[in-house]
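Commentary on secondary and tertiary structure
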Amino acid sequence: MAEVELRDGERIDDLECSGLKIIQDPKRFCFGMDAVLLSGFAKVPEGGEVVDYCTGTGIIPILMSAKTKAKHFTCVELQPESADMANRSILLNDLQERLTLVEANLLDAASFIPAGSMDVVTVNPPYLKEGSGIVNPSSAKAIARHELSCSLMDILQESARALKSGGHFYMVHRPFRLAEILSSMQKVHLEPKRIRFVYPRVDAEPVMLLVEGMKGAGSGMVVEKPLIIYDENGQYTKELKEDYKY
């Protein structure tokens, strides 16, 4: 691994996946289980081209570099500090030949991602609409959690533009926006093909959903069996540890 400089307050965390590590700053926004689950849910053809929007510190493409045989990942992040951490994490893991960081708003992606050029799009977007909920006083966390720089429809429209016909879209989100997510995907011709709900416990309501869409596909969606995070003893379930490496 290459040596990289850490800024004040930063740390290097072991991802416990093929020796990968990541630079994070607890005062800004550290990755969560949602990113890890999406990196395991997404499928990429061998030699495929992937773009990860709202990449943050690059957690999803960094993990997917070990979990898939994708040729290249374009990592798009708006916030300069997060983009800087992602870029240094790419160098830290010697992934600069497979991962490219672009500091930009996804609304401007047409200037550097040609239409119909991507096999796969992944995104862990802001979950809350602008004006809803309590906005975090930290601008970094606010942008990560609320749709301040782009909306759900912005994300879907850009993803559809970037994908090849038959390309695949993968997103993690919250169940309370399910109806909006599915109807909006269909409006931009990203047909929902697979969905999985994530539950903290077997007797609780779902807290996350993982969804796959396919550009230009016909109707027909598979709802996979629920993914349970904790067993009756409060430990991570066997499936979570084995299938998602969490």
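The following paragraphs examine the structure supplied in this document. (Residues numbered from 1 in each chain as written. Predicted model: local features only at pLDDT ≥ 70, side-chain atom pairs only at ≥ 80, totals over all residues. Heavy atoms only, no water.)

1. Some remarks on the pattern of salt bridges
We count it as follows: The term salt bridge refers to a side-chain nitrogen of Lys or Arg lying within 4 Å of a carboxyl oxygen of Asp or Glu. Segments assigned H or I by DSSP are reported as helices when at least four residues long, segments assigned E as strands when at least two residues long, and all are numbered from the N terminus. Buried means the residue's accessible area, taken with a 1.4 Å probe over protein chains only, is under 20% of the maximum for its type, while exposed means over 50%, and partly exposed covers the values in between.
In the structure shown here, the tally under the stated rule is 15 salt bridges. Residue Glu158 is joined to Arg161 by a salt bridge in which the shortest nitrogen-to-oxygen separation is 2.9 Å. You can see Glu158 and its partner Arg161 sitting in helix α5 (residues 152–162), three residues apart, about one turn around the helix. A residue is classified by how much of its surface remains accessible, and Arg161, at 23% relative accessible area, is partly exposed. One connected set of salt bridges, linked through shared partners, spans Glu5, Arg7, Glu10, Asp84 and Arg88.

2. Concerning the side chain of Thr74
What counts, and what does not: What makes two residues a contact is simply this: any of their non-hydrogen atoms within 4.5 Å.
One can find Thr74 in strand β4 (residues 72–77). The class for Thr74 is buried, based on a relative accessible area of 10%. If we skip the residues at most four places from it in the chain, Thr74 touches Val50, Val51, Asp52, Thr100, Val102, Ile113 and Met118.

3. Describing the packing of α5 against helix α6 (residues 178–187)
What counts, and what does not: Angular values range over 0 to 180 degrees, each being the angle between N-to-C directions of two axes fitted as lines to C-alpha atoms, with helices fitted over their stretch in contact. Definitions for this section: a left-handed crossing has its near helix turned counterclockwise from the far helix by less than a right angle. A right-handed crossing has that turn clockwise.
Axis separation between α5 and α6 bottoms out at 9 Å; the angle between their running directions is 35°. In terms of crossing hand, the pair formed by α5 and α6 is right-handed. Note on element contacts: α6 touches α5 through Glu180, Ile181, Ser184, Met185 and Lys187, opposite Leu152, Met153 and Leu156.

4. Examining the packing of helix α1 (residues 33–41) against helix α2 (residues 59–67)
Selection criterion: Residue polarity is assigned by list, with Asp, Glu, Lys and Arg as charged and Ala, Val, Leu, Ile, Met, Phe, Trp, Tyr, Cys and Pro as nonpolar; anything else, Gly included, falls into the polar class.
Where α1 meets α2, the axes come as close as 9 Å, and the angle between the chain directions of the two elements is 35°. Helix-helix and strand crossings are classified by hand; for α1 and α2 the assignment is right-handed. Note on element contacts: α2 touches α1 through Ile59, Ile60, Leu63, Met64 and Lys67, opposite Ala35, Val36, Leu38, Ser39 and Gly40. By residue class, the composition of the contact of α1 with α2 is seven nonpolar, two polar and one charged.

5. Section: α1
Since there are 3.6 residues in each turn of an α-helix, residues three or four apart along the chain are aligned in direction. Of all nine residues in α1, nine are buried, a share of seventy percent or more. Those residues of α1 not exposed but buried are Met33, Asp34, Ala35, Val36, Leu37, Leu38, Ser39, Gly40 and Phe41.

6. Description of the environment of Met214
Residue position: Met214 is located in strand β9 (residues 208–215). We classify Met214 as partly exposed; its relative accessible area is 26%. On a C-alpha basis, the gap between Met214 and His189 in space is 8.0 Å, while along the polypeptide they are 25 residues apart. Excluding residues within four positions of it along the chain, Met214 makes contact with Gly166, Gly167, His168, His189, Leu190, Glu191 and Lys193.

7. Focus on the pairing of β9
So the rule is basically this: DSSP-based pairing: two strands are paired if at least 2 bridges between them are found.
Here β9 lies mainly inside the structure; six of its eight residues are buried. Strand direction decides the pairing type here: strand β7 (residues 163–173) and β9, joined by six bridges, are antiparallel. Of the residues in β9, the one forming a bridge with Tyr170 is Glu212. Pairing of strand β8 (residues 190–199) with β9, which is carried by eight bridges, proceeds in the antiparallel orientation. Bridge assignment links Arg196 to a residue of β9, and that residue is Leu210.

8. Considerations on α6
Put simply, the rule is: Arc definition: directions from the helix axis to the C-beta atoms.
Restricting attention to buried positions, one finds in α6 the residues Ile181, Leu182, Ser184 and Met185. Buried residues of α6 fall within an arc of 170° about the axis and therefore sit on the same side. Those residues of α6 that are exposed and angled more than 90 degrees off the buried face are Ala179 and Lys187. Following α6 by one or two positions, His189 adopts a phi angle in the positive range, close to 65°.

9. Focus: the packing of aromatic side chains
The criterion, for reference: The rule is short: rings of Phe, Tyr and Trp, with Trp giving its six-membered ring, pair when the centres are within 6.5 Å, and they are stacked under 30 degrees, edge-to-face over 60, tilted in between.
Per the counting criterion, the structure on display carries two aromatic pairs. Where Phe41 meets Tyr170, the ring centres are 6.0 Å apart and the plane angle is 85°; that geometry is what we call edge-to-face. Of this pair, Phe41 sits in helix α1 while Tyr170 sits in strand β7, and the two are 129 residues apart along the sequence. Exposure class is identical for Phe41 and Tyr170. Each is buried.

10. What about the state of the cysteines?
Put simply, the test is: Only a pair of cysteine sulfur atoms within 2.5 Å counts as a disulfide in this structure description.
Taken as a whole and assessed by the stated rule, the structure comprises zero disulfides. Between Cys54, a cysteine without a disulfide, and Cys150, which holds the nearest cysteine sulfur, the sulfur-to-sulfur distance is 4.6 Å.

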